[in-house]
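So the chains spell out like this:
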There are 2 protein chains.
Amino acid sequence: MPRRTGYGQFCPVAKASEVIAERWTPLVLREMITGCNRFNDIHRGVPLMSKSLLSKRLRELEHAGIIVRKEIPGESVNGYFLTESGEALRPIIIAIGEWGQRYVRSNFEHQDLDPSLLMWDIRRLIQIRHLPAEQVVIEFEFTDQTDAQRRWWLLKEAGAGEIELCLHDPGYEIDLRVEADLESMTRVWMGEMDVSIALRSGAVKLHGSRALRLSFQDWIGLSIFAHVEAPLSVS
Amino acid sequence: MPRRTGYGQFCPVAKASEVIAERWTPLVLREMITGCNRFNDIHRGVPLMSKSLLSKRLRELEHAGIIVRKEIPGESVNGYFLTESGEALRPIIIAIGEWGQRYVRSNFEHQDLDPSLLMWDIRRLIQIRHLPAEQVVIEFEFTDQTDAQRRWWLLKEAGAGEIELCLHDPGYEIDLRVEADLESMTRVWMGEMDVSIALRSGAVKLHGSRALRLSFQDWIGLSIFAHVEAPLSVS
DNA sequence: CAGTATCCGATGCGATACTG
DNA sequence: CAGTATCGCATCGGATACTG
């Protein structure tokens, strides 16, 4: 009888794991914790997960009382929201990420690098207050990627509070071009490579607006795990 | 391509989940964190897991640098030990258990009750310092169980620092007999039912040594999650 | 956009048997 | 006790197509 779904134990670790340690579920929770509420937004964070499975997982989380599905205020579509129980998972997911950042070697395996995930992450954490108030267009070019994966645009409309990620050239004048290979940009984002070192070594190059170049370190948000230090022990 | 093992993401939550959110793995970690080092001891905590899978998971954890396999000091068998990385998971596993205790309804589903797991847990947390120094034999009888699952014995030899769990009558004189249905005893163990209430209501009955009866509350350890309070909100 | 229904192939994992 | 090797199938989950 393979996989009876459930561990058959009353232990709270087991009962909790039945819900939150299912495949993909920690990542779905991560997306919700970082503020995604709509189905397709969540799915952008886990693009390799099939939509049917995401749908199933969301139903399971709802059944477990971790999320509720309700109409998004203002819009007439419905979304998913963490309950108190779900909010209580925030420190756990964060702790798992910090543990991963600190102890899991084999980050940056080639197969894990993904420009779309990286750009989607960067977009979320751009520090808008450090950008000019007027419209800003920033192009990212990953020099080792081809075609569809090579160039990306972040677009902030004048006065807007959100950044848009574009897969096609929006046509406006480019204010800044960021040029790097995917691994370097990912390492910078993850805090594995210092921004200043990346710029000085040429691993990341900036072209365009002097103001945007100088403030790069300010407006480029880093991963929320970028601050995590290596373990004390030399292993 | 079902289940490529791995999420294809550089995010530390994903990299961590690839290791610690695999099926059974949180429970294996729980066993190690609670002090089990030997293969069969670990397996007693996850009896529904096949030995081949446990073996596989241990290899994966070793490969991930979470445990090391080495000879147990004093004995000439080898066991498994948490590394620094593994020790760093302790607060996470504990937090998951606390979350589960607080938020997962559907504890005490009939299918999750298991006298052998319960007794194995109780054995581990018996407060020996609250037992008489001489030999002590305590019999547990689960009144709703049959045959092989009905009676269990905890045996402390005179002066011993460990308790032995017996599935067959060790033959010595019984100092105390604890009588309860499995669910009541489990609820008491999990902190869902107060010990004094259980005794007063007759859900748990004690027969035998007056000293052992009076000190029951002291020597019976409760689950490490028994202290966790319900959420503030009424849900 | 926001999902659901159906299909079916790969694989995870339990069962069993075996080794030192 | 402490595992490993082999086998078989149930189920997990991706692909595809479809709906409002």
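None of these values were measured; they are calculated from a predicted model.

Undergrad: Help me out: how do you make sense of the protein's contact with DNA strand D in this one?
TA: Every one of the 20 residues lining DNA strand D counts as a neighbour, but Arg 57 of chain A together with Arg 38, Lys 51, Ser 55 and Arg 69 of chain B are closest to it. Among the atoms of DNA strand D close to the protein, meaning within 4 Å, 79% are from sugar or phosphate groups. At a separation of 3.3 Å, a phosphate oxygen of DNA strand D approaches a polar side-chain atom of Asn 40 of chain B. For the surface near DNA strand D, the elements supplying multiple residues, two or more each, are helix H4 (51–63) of chain A together with helix H3 (39–45) and helix H4 (51–63) of chain B. The element that contributes the greatest number of residues to the surface near DNA strand D is H4 of chain B, accounting for four residues. When the residues that make up the surface near DNA strand D are grouped by side-chain class, the tally is seven nonpolar, five polar and eight charged.

Undergrad: How should the pattern of salt bridges be read in this particular structure?
TA: Two side chains carrying opposite charge are able to pair once their charged atoms lie near each other. All names here are of chain B. Counting across every chain of the model gives 32 salt bridges over all chains. Note that Arg 187 and Glu 183 form a salt bridge whose closest N and O atoms lie 3.1 Å from each other. Here Arg 187 and its partner Glu 183 are both found in helix H8 (residues 182–189), four residues apart, which amounts to about one turn of the helix. By relative accessible area, Arg 187 is classed as partly exposed at 24%.

Undergrad: Please explain the sheet that holds strand E4 (residues 151–156) of chain A as it appears in this structure.
TA: Two pairing modes exist for strands in a sheet, parallel and antiparallel, and in both the strands are linked by backbone hydrogen bonds. Residue and element names in this part refer to chain A. Spatially, the five strands line up as an open sheet ordered E5-E4-E3-E6-E7, and their pairing is mixed. Either end of the sheet is taken by a strand with one partner, and the two such strands are strand E5 (164–166) and strand E7 (204–208). Averaged over all neighbouring strand pairs, the angle between strand axes comes to 20°, with direction disregarded. Across five bridges, strand E3 (residues 136–142) lies against strand E6 (residues 176–180) in parallel orientation. Considered in E6, the bridge of Glu 139 is made with Arg 177. Strand contacts of helix H7 (residues 115–125): E3, E4 and E5, with the helix running at about 15° to E4, the strand carrying the most contacts.

Undergrad: What exactly am I supposed to notice about the relation of the copies chain B and chain A here?
TA: Each of the two chain copies can be generated from the other by rotation about an axis followed by a shift along it. Of the transformation placing chain B onto chain A, the axial shift is 0.0 Å and the rotation is 180°, giving an RMSD of 0.0 Å. Given the turn and translation reported, the copies of this chain are related as if by a two-fold rotation axis. Among all residues of chain B, the minimum C-alpha distance to the rotation axis is found for Ala 21 of chain B, at 2.4 Å. Both copies contact each other with a shared surface, as 100% of the interface residues of chain B are interface residues in chain A too.

Undergrad: Whenever I open this one, the pairing of E6 of chain A confuses me. Can you help?
TA: The two faces of a sheet get side chains in turn, since along a regular strand they alternate between them. Residues and elements named next belong to chain A. For E6, a buried count of four out of five residues is recorded, marking the element as mostly surrounded by other parts of the structure. Judged from the five bridges that link them, E6 and E7 form a sheet pairing that is antiparallel. The residue of E7 that forms the bridge with Val 178 is Leu 206.

Undergrad: Can you walk me through the packing of aromatic side chains in this structure?
TA: The geometry of an aromatic ring pair is captured by two quantities: the separation of the ring centres and the angle between the planes. Taken as a whole and judged by the stated rule, the model has six aromatic pairs over all chains. In this arrangement the basic side chain of Arg 44 of chain A is found over the ring face of Trp 120 of chain A, its NZ or CZ atom lying 3.9 Å from the centre.

Undergrad: Whenever I open this one, the domain arrangement of chain A confuses me. Can you help?
TA: A common measure of how large an interface is: the accessible area buried when the components associate. Residue and element names in this part refer to chain A. If you check the domain split of chain A, you get domain 1 (12–103) and domain 2 (110–219). Each of domain 1 and domain 2 has a C-alpha centre, and the two are 27 Å apart. Counting from both sides, the interface comprises eight residues of domain 1 and, opposite them, six residues of domain 2. Summed over both partners, the interface of domain 1 with domain 2 comes to about 640 Å²; 48% of that surface belongs to carbon and sulfur atoms. When the buried surface of domain 1 facing domain 2 is broken down by residue, Thr 34, Arg 44 and Gln 101 rank first, second and third, together holding 64% of it. Taken together, the connections running from domain 1 to domain 2 amount to one salt bridge. We note a salt bridge from Arg 124 to Glu 31, for which the minimum N-O separation is 3.7 Å.

Undergrad: Where do I start with the interface of chain B and chain A in this structure?
TA: Taken residue by residue, the interface counts 59 residues in chain B and 59 residues in chain A. Both sides of the chain B and chain A interface together cover about 5000 Å² of buried area, and 65% of this is carbon and sulfur. Counting across the interface, chain B meets chain A through 17 residue pairs in polar contact (both at pLDDT 80 or more). Mapped onto the side of chain B that touches chain A, the elements with two or more residues apiece are helix H1 (12–20), helix H2 (25–33), helix H5 (84–87), helix H6 (90–103), helix H7 (115–125) and H8 of chain B. Among the residues forming the side of chain B that touches chain A, the class breakdown is 33 nonpolar, 15 polar and eleven charged.

What counts, and at which threshold
Residues numbered from 1 in each chain as written. Chains lettered and ligands numbered in written order. Predicted model: local features only at pLDDT ≥ 70, side-chain atom pairs only at ≥ 80, totals over all residues. Heavy atoms only, no water. Near = heavy atom within 4 Å. Polar contact = N/O pair within 3.5 Å; in protein donor to acceptor, adjacent residues only side chain to side chain. Helix = DSSP H or I, 4+ residues; strand = E, 2+ residues; numbered from the N terminus. Nonpolar A, V, L, I, M, F, W, Y, C, P; charged D, E, K, R; others polar. Salt bridge = Lys/Arg side-chain N within 4 Å of Asp/Glu carboxyl O. Buried < 20%, exposed > 50% of the residue type's maximum accessible area, 1.4 Å probe, protein only. Pairing = 2+ DSSP bridges. Axes fitted to C-alpha atoms, helices over the stretch in contact; angles between N-to-C directions. Contact = heavy atoms within 4.5 Å. Least-squares fit on C-alpha atoms with pLDDT ≥ 70 in both. Phe/Tyr/Trp six-rings, centres within 6.5 Å; stacked < 30°, edge-to-face > 60°. Lys NZ or Arg CZ within 6 Å of the ring centre and 35° of its normal. Domains from an automatic or database assignment. Buried area = accessible area lost by both parts, 1.4 Å probe.

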